[in-house]
Amino acid sequence: MRVIAGRAGGVRLAVPKRGVRPTMDRVKAAIFSSLGDAIIDSRVLDLFAGSGALGIEALSRGASAVVFVEEDRQAIEAIEKNLCKTKLDGRVRQQDVFDFLRHSSGAETFQIIFADPPYEKTKSGERYTEKLLSNEVLPQLLNSDGVFVLEKRPAERIPVIKFWNIVRARKYGATEVLFLVPGHYAKSGARMHRTCR
């Protein structure tokens, strides 16, 4: 796995030996192609950061700041190693994502939020995607013109979304990428006329 483009383009990234499902390079390339120039000077939040590949790609392509949130110690070490290898700076938080969200005041907001949660269920039996999409704090951390990029298993059905509108969905083999913006569920089924490039 490597950084695809930007200041650190071509640098190979360390990946933890366990507990991480890295975003494939072609999926990562598609995500950043869709985001386009929106990444430049953006503030980014990388949830379930794993090796830090998405946040580091954002920094390489011109993001102004990235906060990496990851619970696993080996993954944290990989993120820190990868930041050193790429000579990029980011804030790394070793913390459970939902604990991080619970303690976020909303004073710090982001233009782009990435989340690549585990495909298996949480200890309480919920799916991570469902728990993320029903979290009331997460939309408050996103700027009004921001985008939430969520990776999930294509076969996984998502419930009625109260806090988000899906503006784009693309499947890449074993991964589906959703681009979402804050919004309210409309019974009429009206969709937001907003697109990601």
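The structure displayed is predicted, hence computed values, not measured ones.

(A) Local environment of helix α3 (residues 73-86). Its 14 residues place the ends of α3 20 Å apart at the C-alpha level, agreeing with the 20 Å of an ideal helix rising 1.5 Å per residue. Buried within α3 are the following residues: Ala 75, Ile 76, Ala 78, Ile 79, Asn 82, Leu 83 and Thr 86. Along the axis of α3, the buried residues cluster in a sector spanning 160°; they form a single face. Contacts made by the buried residues of α3 are with α2 (53-60), β2 (65-70) and β3 (91-94). Capping of α3 at its N-terminal end is provided by Asp 72; its side-chain oxygen lies 3.1 Å from the backbone amide nitrogen of Gln 74. Once α3 ends, the next one or two residues include Lys 87, with phi positive near 60°.

(B) Region of interest: the pattern of salt bridges. Tallying each qualifying case throughout the model produces 10 salt bridges. Here Asp 25 and Lys 28 are joined by a salt bridge, their closest N and O atoms 3.8 Å apart. In this pair, Asp 25 and Lys 28 both sit in helix α1 (residues 25-35), 3 residues apart, roughly one turn of the helix. Here Asp 25 falls in the partly exposed class, since its relative accessible area comes to 24%.

(C) Looking closely at the packing of α1 against α2. As a packed pair, α1 and α2 sit with axes 11 Å apart at the nearest point and diverge in direction by 45°. When the interaxial angle is binned, α1 and α2 end up oblique. Here the hand of the crossing between α1 and α2 comes out right-handed. Contact residues: Lys 28, Ile 31 and Phe 32 in α1; Ala 53, Leu 54, Glu 57 and Ala 58 in α2. Along the lines of polarity and charge, the residues of the contact of α1 with α2 split into 5 nonpolar, no polar and 2 charged.

(D) Region of the structure containing the confidence of the model for the protein. Of the residues in the protein, 88% reach a pLDDT of 70 or more, and the chain-wide mean stands at 86. Across the protein, the secondary-structure element scoring lowest on mean pLDDT is helix α5 (residues 128-133), at 90, and the one scoring highest is strand β1 (residues 43-47), at 98.

(E) Highlighting the environment of Gly 10. The residue Gly 10 is located in the segment before α1 in this model. Residue Gly 10 is classed as partly exposed on the basis of its relative accessible area, which comes to 46%.

(F) Here's a closer look at the sheet that holds β3. The strand order across the open sheet built from 7 strands is β3-β2-β1-β4-β5-β7-β6, with neighbouring strands paired in mixed fashion. Edge strands, defined here as strands with exactly one partner in the open sheet, are β3 and β6 (164-172). Averaged over all neighbouring strand pairs, the angle between strand axes comes to 15°, with direction disregarded. Its contacts with the sheet put α1 on β4 (110-115), β5 (142-152), β6 and β7 (175-182), and the angle it makes with β7 is roughly 25°. Strands β2 and β3 of the sheet are contacted by α3, whose axis makes an angle of about 170° with β3.

Definitions and limits used
Residues numbered from 1 in each chain as written. Predicted model: local features only at pLDDT ≥ 70, side-chain atom pairs only at ≥ 80, totals over all residues. Heavy atoms only, no water. Helix = DSSP H or I, 4+ residues; strand = E, 2+ residues; numbered from the N terminus. Expected span 1.5 Å × (residues − 1). Buried < 20%, exposed > 50% of the residue type's maximum accessible area, 1.4 Å probe, protein only. Arc of directions from axis to C-beta. Contact = heavy atoms within 4.5 Å. Polar contact = N/O pair within 3.5 Å; in protein donor to acceptor, adjacent residues only side chain to side chain. Salt bridge = Lys/Arg side-chain N within 4 Å of Asp/Glu carboxyl O. Axes fitted to C-alpha atoms, helices over the stretch in contact; angles between N-to-C directions. Parallel < 35°, antiparallel > 145°, perpendicular 65-115°, else oblique. Left-handed = near helix turned anticlockwise from the far one by under 90°. Nonpolar A, V, L, I, M, F, W, Y, C, P; charged D, E, K, R; others polar. pLDDT = per-residue confidence, 0-100. Pairing = 2+ DSSP bridges.

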